[in-house]
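Geometric and topological summary
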Amino acid sequence: MLQILLLLLRSQRVSGYKKSNACVCQLNSTMWLFPAQKFKYVLEEVHTCEGSLNNLQEEVRTHVALFYSLLLLKQKYYLRLKIGLITNISDPITAKVSPHGKSYVSGSWGKQSQKESEGQKNSYWVQPLLSSHIWGNTVRLYQTYEDLMASTNHREYTFASSYSHPSTNEGPNAVLYGEALYYHCYRSADVCRYDLETNEVKRVTLPGTGVGFNNKFPYCYYDCRLNSDVDVEADETGLWALYATIGNHGNIVISRLVWDSEVKSLNVTQTWETRLFKKAVSNAFMVCGVMYATRYVNEFREEVFYAFDTATGKEDNSLAIPLEKVAKAVASLSYNPTNKQIYMYNDGYLLAYQVYF
């Protein structure tokens with residue numbers, strides 16, 4: 001402002017005269033009227049503009065923040081749309097005590113999972129762990145849902161001669177896929193396949209440095225589920241093994257399993273490493289190539305909180321899908337692609353849920 005006034009002063013010449021030993025200048029006040037008014041107007045405009053600019057900046061900040069929030073929501077929505085994540089899970093639509101009794105708190109159950117299977121198309125299975133809630137060597141098969149509900153017309157299959165046999169099932173996470181039961185082999189880093197027709201057991205060793213077994217990396221919550229180191233699952237894309245390794249710092253590893261019917265061989269074809277610590281989750285299951293993990297909320301609720309997509313390698317830890325239960329501990333969870341239901345073995349209770357996408 002001072003520089004502007006100086007320029008205005010320099011631009012005007014005023015004559016003076018001597019009076020009483022002093023120089024006197026007679027000024028015409030109207031001479032300064034226009035510049036002064038103009039400057040005042042400009043100054044007012046500057047103040048107005050400054051206020052408008054501040055308001056504009058504030059609006060820009062607000063719009064940028066809103067845009068950023070919408071962008072994050074869009075990215076999350078796009079990720080969920082791309083993965084095809086579960087949006088909701090029903091309350092239990094089936095609730096039944098295990099046919100072996102409530103005292104057998106650990107095991108697995110469900111409907112046969114292979115869509116193309118004809119021989120066991122509508123069969124249901126229950127596989128309790130009869131020795132120390134850790135080992136089992138039998139599986140009970142029901143040909144229909146009605147038979148399961150009535151606990152009648154079942155057949156018992158014995159796939160190992162004792163609870164310490166190399167082919168014994170260790171841990172609660174097995175699955176019936178087609179005409180074979182897949183499960184974790186006794187005290188090993190292997191997955192076993194028991195053929196219901198031939199009674200043959202085939203096995204494959206899971207890849208990774210220091211595969212956890214014998215209760216090294218079990219599922220945990222307020223307490224750990226004994227020997228739940230290796231979890232065998234099935235979905236629309238086939239068979240999977242979920243486990244943890246020392247090489248992956250105890251985080252969950254996902255391996256795809258494939259049965260070669262021509263050469264009678266069980267193989268691992270691909271493996272993914274996640275950043276989810278296995279002992280920080282209560283259980284997990286596979287849907288459409290996406291692994292979902294649950295955590296303990298309270299005695300009557302679990303929560304699906306995490307997803308890992310094997311197709312993209314992306315993860316989502318912002319899920320919060322409730323999963324109701326009737327007892328504290330979850331021994332196993334398995335998804336069935338033939339009817340889009342989840343099966344839970346819940347401290348001797350058999351629970352089933354409908355999945356929504």
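Being a predicted model, the structure only gives us computed values, none of them experimental. (Residues numbered from 1 in each chain as written. Predicted model: local features only at pLDDT ≥ 70, side-chain atom pairs only at ≥ 80, totals over all residues. Heavy atoms only, no water.)

Tallied over the entire structure, the rule returns two disulfides. Here Cys185 pairs with Cys192 through a disulfide, and the sulfurs are 1.9 Å apart. The disulfide joining Cys185 to Cys192 has a torsion of about 130° about its S-S bond and is therefore right-handed. Each member of the pair, Cys185 as well as Cys192, carries the same accessibility label: buried. A sulfur-sulfur distance of 1.9 Å marks the disulfide that ties Cys220 to Cys224. Here Cys220 and Cys224 share a disulfide; its torsion about the S-S bond, 95°, makes the bridge right-handed. Taking relative accessible area as the criterion, Cys220 reaches 5% and is therefore assigned buried. (Disulfide = S-S within 2.5 Å. Buried < 20%, exposed > 50% of the residue type's maximum accessible area, 1.4 Å probe, protein only.)

The next thing to look at is the pairing of strand S19 (residues 283-287). Across the five residues of S19, five count as buried, placing the element largely inside the fold. The alternating pattern of S19 places Asn283, Phe285 and Val287 on one face and Ala284 and Met286 on the opposite face, and all of these are buried. The sheet contact formed by S19 and strand S20 (residues 290-298) spans five bridges and is antiparallel. Paired with Asn283 across the two strands is Thr294, which belongs to S20. (Helix = DSSP H or I, 4+ residues; strand = E, 2+ residues; numbered from the N terminus. Pairing = 2+ DSSP bridges.)

Taken as a class, soluble globular proteins show a tendency for nonpolar side chains to be buried jointly. Judged by nonpolar contacts, the single largest core of 20 residues is most densely connected at Ile86, Ile89, Phe285, Tyr292 and Ile342. Looking at this core, the elements that each hand over two or more residues are S19, S20, strand S21 (301-309), strand S23 (321-324), strand S24 (332-336), strand S25 (341-346) and strand S26 (349-356). Here the element with the most residues in this core is S26; it accounts for three residues. In terms of nonpolar packing, the next biggest core, distinct from the first, is built from 18 residues, Val191, Ala234, Leu257 and Leu266 among them. (Core = buried A, V, L, I, M, F, W, Y, C linked by side-chain atoms within 4.5 Å.)

Before going further, it helps to spend a moment on the confidence of the model for the chain. Residue-level pLDDT values for the chain average 85, and 76% of them are 70 or greater. Per-residue pLDDT stays below 50 along residues 1-12; that stretch engages in eight contacts with residues further than four places along the chain or on separate chains. Within the model, pLDDT remains below 50 along residues 72-82, and this stretch shows nine contacts once partners closer than five positions in the same chain are excluded. (pLDDT = per-residue confidence, 0-100. Contact = heavy atoms within 4.5 Å.)

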